[in-house]
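Summary of structural features
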Amino acid sequence: MILLYMILILISGGILAGITGKRSQLLPRIISLTALGADLILLLWIWNSHTNPAQNNWWIDYKLNWVPTLGIGLHLAIDGLSLILLFLTILIGFVSVLISWKEIHEKTGFFHFNLLWILAGIAGVFLSLDLFLFYFFWELMLVPMYFLINIWGHENRIYAAYKFFLYTQASGLLMFLSILALYFIHGRTTGTYTFDYNQLLGTSMSAPVAFLLMAGFLAAFLVKLPVVPLHNWLPDAHSEAPTAGSVILAGLLLKTGAYGLIRFVLPLFPDASVSFAPFGMILGVTGILYGAKLAFAQTDLKRLVAYTSVSHMGFVILGVYAFNRIAFQGVIMQIIAHAISTGALFILAGQLYERIHTRDIAKMGGLWKQAPVMGAMGMIFAMASLGLPGLGNFVAEFLILTGTFKTSIIITCIACAGLVAATVYALRIVQKVFLGREITTLKIKDLSVREKIITAILVILIIYLGLFPQKIMDTAEPSIIKTLDPIENTMPLNSNLLNSIP
Amino acid sequence: MIREDFLCLTPLMIIAGAPVIMMLFIALKRNFKIIYGISLVAFLIAFISVFFILPSIPDTISPVFIFDGFTVMFFGIIILASLLVTILSHRYLLYQESEREEYYIILFIAVLGSLILSAASNFVTLFLGIETLSISLYVLIAYRRSRRNSVEAAVKYLVLASVSSAFLLFGMGLIYLNTGALEFSKISLLLRSQGYSTPLLLTGFSMMLVGIGFKLALVPFHMWTPDVYEGAPVPVTTFIATVSKGAVMAVLLRFFYAIQGFRNHNFILLITVIAILTMFIGNLLAIRQKNLKRILAYSSIANMGYLLVTLLTGTKDGIYAAVFYVISYIVTTLAAFGIITLFSGKDNDADQLDDYAGLFWKRPWIAIVFTLALLSLAGIPATTGFMAKFYIVYTGIDSGLWILVISLVINSVIGLYYYLRVITKLFSPANNLAFPSVSFEDKLILCLVTIIILWLGINPEGTIHLIALYSGF
């Protein structure tokens, strides 16, 4: 029940914020913070009362009939992985509300309505254990995100919003077809027609069918992640969205793709996933290098950061398809660290835009002198992005590469080149924006107290992740074991197969 | 005729009797309020009387009518939708200077035709129903005859509908020639024993399909739709899009399932091709439209394409999905056209996309309803349109109709694009056009349809259960 409350709090908070928006600017913000705070308390309570790393099952498992005629249930459950991602959701939620404090001053009520509904949809995605319900939330978060980009975005927002919606909707529908096909295959073989995740696990089907169904799921998740040939929507959506939108996109929406891979694709289709693994890893490496190269070529700061996301998400898919615990730990670290570091870079880009009304890095330069705090923050997160030891991203990428090394040495070597490329684009941000020739016509103020607090929290978190990652790894461990078990068990050829990759 | 038969005919008789009473009143004194009142009361009584049929179903008044759960379901849907159209028309008609009263008389006759259609079990009743409906529609479409578009639309509809009726009739004749029967059940029995082998028979069915296809605006018989939708007064457009399509769909479902057309490969091929064409052409043509009525017209074409999928499933679930889809489509369309009706003034209908720029910032609640309706048409979760599409895809996959299902999915994406165009307009910066105020009863209708859209989208279980309980043939 508590899990349902978490979603309902966000939903009703959103409605309340929307209604009160007419009266005052402040009320929606406070309501949003309250709703997020309430959820945070619930989460902390769950964490406190249920933590038991040895436990392999779900911490809380909540099930209700929804449309029993069609085998649809309201099945929510939480485990370590969901818990970590929910914490991330709430964190990003807080950050999004806080950074919009000054940026959004029109239609505040509706803005926060959308914000909270996106978060509700994402929380639903992280909690659903019924495939229909999962799809329901998966689609539900698109609409408010569409409005967020469409109404509060930059110049080219309408185009970007369309593109975002159509890409994700089209790929989501392919997943939906797969879900339905899985449902019927399971129903025909066992006689119980259900969308329940636990029951659909281990549905027996022929290899080509499994591969086809997996392809449907992959379509949705790889577009969200995004993986290189399907990444086209991302730079537009990220760069045109308002800062809060970009932060949520980078910090959470992309992660739903990674979560989907770990929670659904691998457990539902272990055999097909193993045969897809080589392609998955190659896609990952391509993403790492291609994203980094394009990031280097951008002049629009937000677009640049958007492409670094493509590059970082390449590590995620690489790690997922390496099929071992170390890489998986890295993937989860990467999910969190990337959300924080890239989110912070988007926030910085947003703060710069508020001050000088441009995202073009050619028009910036030497800002460190006027805004040293901002410069320092930019430096820290650029370093995080390039994977400096001591910061969260380093741990993540190191673990992923270590894990991948076991399966394919050559791919790991190529992926390592991505780190070099990351250094190039990250340093370029610092060089072009904060150092370099000072453009004297620009007069900017340094970070305000509110902005300092937001960025300081993020800095603390990213350093904490870099120095003490053990807590998160412990929390995620049972989920990882649960995901990897069927793959390790059912495929004795596993290691051979992967070794066949050059 | 026994007592049960009379009982079953009550809704039909109420709907048929009301115009007579209205005519008497008009003969005595023209008073729009009285006529409006009579219409409301008559529809309400008719709706209530539907519940009294329930104990006596299934009942057949052979050889013309059949009253089973399916009929009753459609009776309910049709009468309720007509009631809403009646209320929506009220304010709209006030703009008209003279002859407002006859509108409702003709509307009742059109509803009568629709009811006959949904209870038809015989070619004669089928044709009677279709003609009663069409002939009233000719008049309704041209009801605001001072507008140029209205007459043009009516003439277009008149000519094409007559041609299509001729096709329908000829098709029926050919089938009669081969089977010697006019009743669906007898035809189906004969077909089961002889098969569909004769070319004449197939020609007959195909010609019938032309006739029905015209009424449902299936491609390639869809050309009239945008013009008629645009030219007709908005409430009439609403009626055509909801009640008239629903009723024709009902009889098509009944007939097609009776003859078990989903077992014949010729039919499967024909319907598959028509369905795919209807979806794609409807959606693709909608993309570039600037007129909201035309967008919705093309969208209705595409929606009928989705509905055709249920014909080929040949399962009970297929019928349920079709009924659910019809309900959800009618509700959603009522919401969308209802809003257009609200904003339509004396001189012209508010059908330009630009009329709605920034509606959200001026009339947030109405814009939310409109957005919900559009999202429902696009099939986004939490709206009834999603559940309806899901149900069709569900039954389609169950029956292995992969080509149709995949083209439905592709079309959902295309459809989403133009619905988003409208939504984007609603949320764009406001212009300085003023919107007229909204009356209490219109607000009530919008509230009602919104609740239904959300309710069926979030908790469809009860409705699906109800449909499954009653909609067997």
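All values reported here derive from a predicted model rather than from experimental measurement. (Residues numbered from 1 in each chain as written. Chains lettered and ligands numbered in written order. Predicted model: local features only at pLDDT ≥ 70, side-chain atom pairs only at ≥ 80, totals over all residues.)

Further remarks concern helix α4 (residues 108-127) of chain A. Between its first and last C-alpha, α4 of chain A extends 28 Å over 20 residues, near the 28 Å set by a 1.5 Å rise per residue. Among the 20 residues in α4 of chain A, 20 count as buried, and that is most of the element. (Helix = DSSP H or I, 4+ residues; strand = E, 2+ residues; numbered from the N terminus. Expected span 1.5 Å × (residues − 1). Buried ≥ 20, exposed ≤ 12 C-beta atoms within 10 Å, placed from the backbone.)

All names here are of chain B. Mapping G246 onto the fold places it in helix α10 (residues 234-258). A count of 24 C-beta atoms within 10 Å places G246 in the buried class. Separated by 228 residues in sequence, G246 and A18 have C-alpha atoms that sit 22 Å apart. Dropping the residues within four chain positions of it, G246 is found in contact with F74, I77, I78, V326 and I330. (Contact = placed C-beta atoms within 7 Å.)

On the side of chain B, 22 residues touch chain A, which itself brings 22 residues to the contact. Within the residue set of the side of chain A that touches chain B, elements represented by two or more residues are α5 (131-140), α6 (142-152) and α7 (157-190) of chain A. At 11 residues, the largest contribution of residues to the side of chain A that touches chain B is made by α7 of chain A. Within the side of chain A that touches chain B, the residues separate by chemical class into 18 nonpolar, three polar and one charged. (Nonpolar A, V, L, I, M, F, W, Y, C, P; charged D, E, K, R; others polar.)

Here the focus is the nonpolar core. One finds I336 of chain A together with I141 of chain B to be the most contacted residues of the largest nonpolar core, which totals 375 residues. Element by element, the count of residues in this core is highest for helix α13 (residues 316-343) of chain B, at 20 residues. Beyond its immediate stretch of four places on either side in the chain, I141 of chain B contacts S150, A153, A154, Y157, V228, G231, A232 and V236 of chain B. (Core = buried A, V, L, I, M, F, W, Y, C linked by C-beta atoms within 7 Å.)

Turning to the confidence of the model for chain A, a few remarks are in order. Residues and elements named next belong to chain A. In the predicted model, chain A carries a mean pLDDT of 88, and 96% of its residues have values of at least 70. Ranking the helices and strands of chain A by mean pLDDT puts α4 first, with 94, and helix α21 (residues 494-499) last, with 48. Under a pLDDT of 50 for its full length, residues 492-498 has, in the predicted model, eight contacts with residues more than four places off or in other chains. (pLDDT = per-residue confidence, 0-100.)

So, on to the pairing of strand β2 (residues 72-78) of chain A. Looking along a regular strand, one sees the side chains alternate between the two faces of the sheet. Residue and element names in this part refer to chain A. Burial within β2 is extensive, with five of its seven residues counted as buried. For strand β1 (residues 60-67) and β2, the ladder comprises seven bridges, and the chain directions are antiparallel. Note on β2: the bridge partner recorded for N65 is G73. The turn linking β1 back onto β2 is made up of four residues, and G71 within it adopts a positive phi angle of 75°. (Pairing = 2+ DSSP bridges.)

This part takes up unusual backbone geometry. The amide bond that connects L225 of chain A to the next residue, P226 of chain A, takes the cis arrangement and shows omega of -10°. By secondary structure assignment, the location of P226 of chain A is in the loop between α9 (207-224) and α10 (233-240). Note that the residue after V219 of chain B, namely P220 of chain B, is joined by a cis bond; omega there is 5°. At K107 of chain A, a residue that is not glycine, the phi angle is positive and equals roughly 50°. For K107 of chain A, the location among the structural elements is in the loop between α3 (80-103) and α4. Given 22 C-beta atoms within 10 Å, K107 of chain A falls into the buried group.

One turn of the α-helix equals 3.6 residues, which is why residues spaced by three or four share an orientation. All names here are of chain A. For α5, a buried count of 10 out of 10 residues is recorded, marking the element as mostly surrounded by other parts of the structure. For α5, the set of buried residues is L131, F132, L133, F134, Y135, F136, F137, W138, E139 and L140. Packing partners of the buried residues in α5 comprise β2, α4, α6, α7 and α8 (197-200).

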